[in-house]
Amino acid sequence: MEHILDYSWRQLRDWFISKGQPGYRVAQVLRWVYDSPKVPFDEMTDVPKVVRKDLRKAFKVFTMQVVSHRKASDGTEKLLLRTHDGEYVECVLLRDDKGNRTVCISTQVGCGMGCVFCASGLDGVVRNLTSGEILEQILHLKCLLEPEERLSHIVVMGMGEPLANLGRLLGALYRATHKDGLGISARHVTISTVGLPHAIRRLAELDLQYHLAVSLHAPNDELRNKLVPANRRIGIQAILSAADEYFAKTGRRVTYEYVLLREINDRPQHAQELAQLLKGRNALVNLIPYNPIQGLPYEPPERRDVARFVDVLTRAGIQVTVRYRKGAEIEAACGQLRRLHPEIASKSKKKEKEKQSCG
């Protein structure tokens, strides 16, 4: 049985035509899928019964099962989803007091970038998600909304490196932002990356008006090589050059994300070096106090150190925001909930034992 969200509009039209149906059935069915994803094919009342029967036999809207649903007191909700092949991915619904309803979605099972403080990549990358699986996460989260709520933003900051699965991600975002899809503004979409220059340039050439966020986390290559091992084959200057091209092409200011780790990258000299690195660029620095992860040795910074870091950047003319944690009590940080699942925890322990025996 196929995932209907993995089919393009043209492919679905051809499928309907092969069943002797007019092409406009695509719009009818997808409107149900996007507006009322919980409604099964059998209850799509403006679609002929024979077509509903064929749809039920051929397709699924939801191919991933919710195995954990956690709610935080700040309105954050997190889902752990089991894929059809027994893997696990996470997605998060974020609420704020401005009425924004943001979904944070994943693009891969695991992650291959190896950031040492992140739970997502501790066991490496397993596979890319399909366009349908990426889009399905948004629909799962949409089902959590109250009747008066509407999805407003998408941040691609979940598990995986989005630019390593760019083709499938773009397919999902096209439908999420299309007027005949979920209708979310392209300007309300942010794609986060550790910095893959070739893919950043490709994204710039498409000029899709998405926001780009580069997960920098260090002001120099020596420190970044330790925190983000993928940097060893790239380098900060190559990333900045590609990001500059993105801004020049799209006019969209680039955000530089910086997770603050106590006494590792949160010292005044790091702030001064970061300010020098970004001097003259139309950039925004998003500081993120570290969200502790069980089993990792890193700690969140002291509030006074966050304030001092902000002060150094601000005095240097760099625009700064601080993203304080949401959903901390439900392990809302990327990859945390997945690693708590018994099956994943068991696999991780087995891998660790294998590493130790090899050592």
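Below or above, wherever it landed, is the structure these notes cover. (Residues numbered from 1 in each chain as written. Predicted model: local features only at pLDDT ≥ 70, side-chain atom pairs only at ≥ 80, totals over all residues. Heavy atoms only, no water.)

**Re the overall build of the protein chain**
Stage number 1. Looking only at helices and strands, the protein chain has 12 helices and 14 strands in total.
Stage number 2. At 21 Å, the protein chain has a C-alpha radius of gyration in line with the 21 Å of a compact globule built from 359 residues.
Stage number 3. The principal-axis extent of the C-alpha atoms belonging to the protein chain is close to 70 × 50 × 40 Å.
Stage number 4. Expressed as a percentage of the 359 residues in the protein chain, the buried residues total 52%.
Stage number 5. Counting only contacts in the protein chain whose residues sit at least 6 apart along the sequence, the fraction spanning at least 24 positions is 68%.
Stage number 6. On the protein chain, roughly 16700 Å² of surface is accessible, and the fraction owed to carbon and sulfur atoms is 49%.
Stage number 7. Averaging the positions of the 54 positive and the 42 negative side-chain charges in the protein chain gives two centres separated by 2 Å. (Helix = DSSP H or I, 4+ residues; strand = E, 2+ residues; numbered from the N terminus. Rg over C-alpha atoms; globule rule 2.2 N^0.38 Å. Buried < 20%, exposed > 50% of the residue type's maximum accessible area, 1.4 Å probe, protein only. Contact = heavy atoms within 4.5 Å. Areas by Shrake-Rupley, 256 points an atom, 1.4 Å probe, with all protein chains shown as cover. Lys, Arg positive; Asp, Glu negative; His and termini not counted. Charge placed at Lys NZ, Arg CZ, Asp CG, Glu CD.)

**Quick word on the packing of aromatic side chains**
Stage number 1. Applying the stated criterion to the full structure yields 6 aromatic pairs.
Stage number 2. Summarising the aromatic geometry, the rings of Tyr290 and Tyr298 are spaced 6.3 Å apart at their centres and angled 80° between planes, so their arrangement reads as edge-to-face.
Stage number 3. Residue Tyr290 is classed as buried on the basis of its relative accessible area of 3%.
Stage number 4. The exposure class assigned to Tyr298 is buried, which follows from its relative accessible area of 18%.
Stage number 5. One aromatic cluster is present, built from ring pairs that chain together Tyr7, Trp15, Phe16 and Phe59. (Phe/Tyr/Trp six-rings, centres within 6.5 Å; stacked < 30°, edge-to-face > 60°.)

**Brief notes about helix H2 (residues 25-35)**
Stage number 1. Inspection of H2 places Arg25, Val26, Gln28, Val29, Leu30, Val33 and Tyr34 among the buried residues, and these make up the whole buried set.
Stage number 2. The secondary structure elements touched by the buried residues of H2 are helix H1 (9-18), helix H3 (49-58), helix H4 (131-142) and helix H5 (166-177).

**Observations concerning the sheet that holds strand E11 (residues 211-215)**
Stage number 1. The mixed open sheet is built from 10 strands, whose spatial order is E3-E4-E5-E6-E9-E10-E11-E12-E13-E14. Only two strands of the sheet have a single neighbouring strand rather than two, namely strand E3 (65-71) and strand E14 (319-322). Neighbour to neighbour, the strand axes of the sheet diverge by 20° on average, direction disregarded.
Stage number 2. Across the sheet, helix H8 (residues 236-250) is in contact with E11 and strand E12 (254-260); its angle to E12 comes to roughly 140°. (Pairing = 2+ DSSP bridges. Axes fitted to C-alpha atoms, helices over the stretch in contact; angles between N-to-C directions.)

**Structural notes on unusual backbone geometry**
Stage number 1. Here the phi dihedral of Asp207 falls at roughly 50°; this positive angle occurs in a residue that is not glycine.
Stage number 2. Mapped onto the fold, Asp207 is located in the loop between helix H6 (197-206) and E11.
Stage number 3. One non-glycine residue, Glu263, lies in the positive phi region at around 60°.
Stage number 4. Checked against the element boundaries, Glu263 lands in the loop between E12 and helix H9 (268-278).

**Here's the deal with the pairing of strand E10 (residues 189-193)**
Stage number 1. Taking burial as the measure, the 5 residues of E10 include 5 buried ones, the bulk of the element.
Stage number 2. Here 3 bridges tie strand E9 (residues 153-156) to E10, and the two strands are oriented parallel to one another. Residue Val156 lies in a different strand from E10, and its bridge partner there is Ile191.
Stage number 3. On the question of chirality, the crossover connecting E9 to the parallel E10 by way of H5 is right-handed.
Stage number 4. Of the strand pairs in this sheet, E10 and E11 are connected by 4 bridges, and their pairing is parallel. Directly across from Ser192, in E11, lies its bridge partner Ala213.
Stage number 5. Once you follow E10 into H6 and on to E11, the crossover reads as right-handed. (Right-handed = clockwise from strand over helix to strand, strands pointing away.)

**Some thoughts on H8**
Stage number 1. For H8, spanning 15 residues, the distance from its first C-alpha to its last is 21 Å, which sits close to the expected 21 Å at 1.5 Å a residue.
Stage number 2. Positioned one or two residues after H8, Gly251 has a phi angle of 75°, which is positive. (Expected span 1.5 Å × (residues − 1).)

**Quick look at the pattern of salt bridges**
Stage number 1. The tally for this structure, following the rule as stated, stands at 19 salt bridges.
Stage number 2. A salt bridge links Glu149 to Arg101; the nearest nitrogen and oxygen atoms lie 2.5 Å apart. Of the two residues, Glu149 is situated in the loop between H4 and E9 and Arg101 in strand E6 (residues 101-104); the sequence distance between them amounts to 48 residues.
Stage number 3. Residues joined by salt bridges that share partners form a network here, namely Glu77, Arg95, Arg101 and Glu149. (Salt bridge = Lys/Arg side-chain N within 4 Å of Asp/Glu carboxyl O.)

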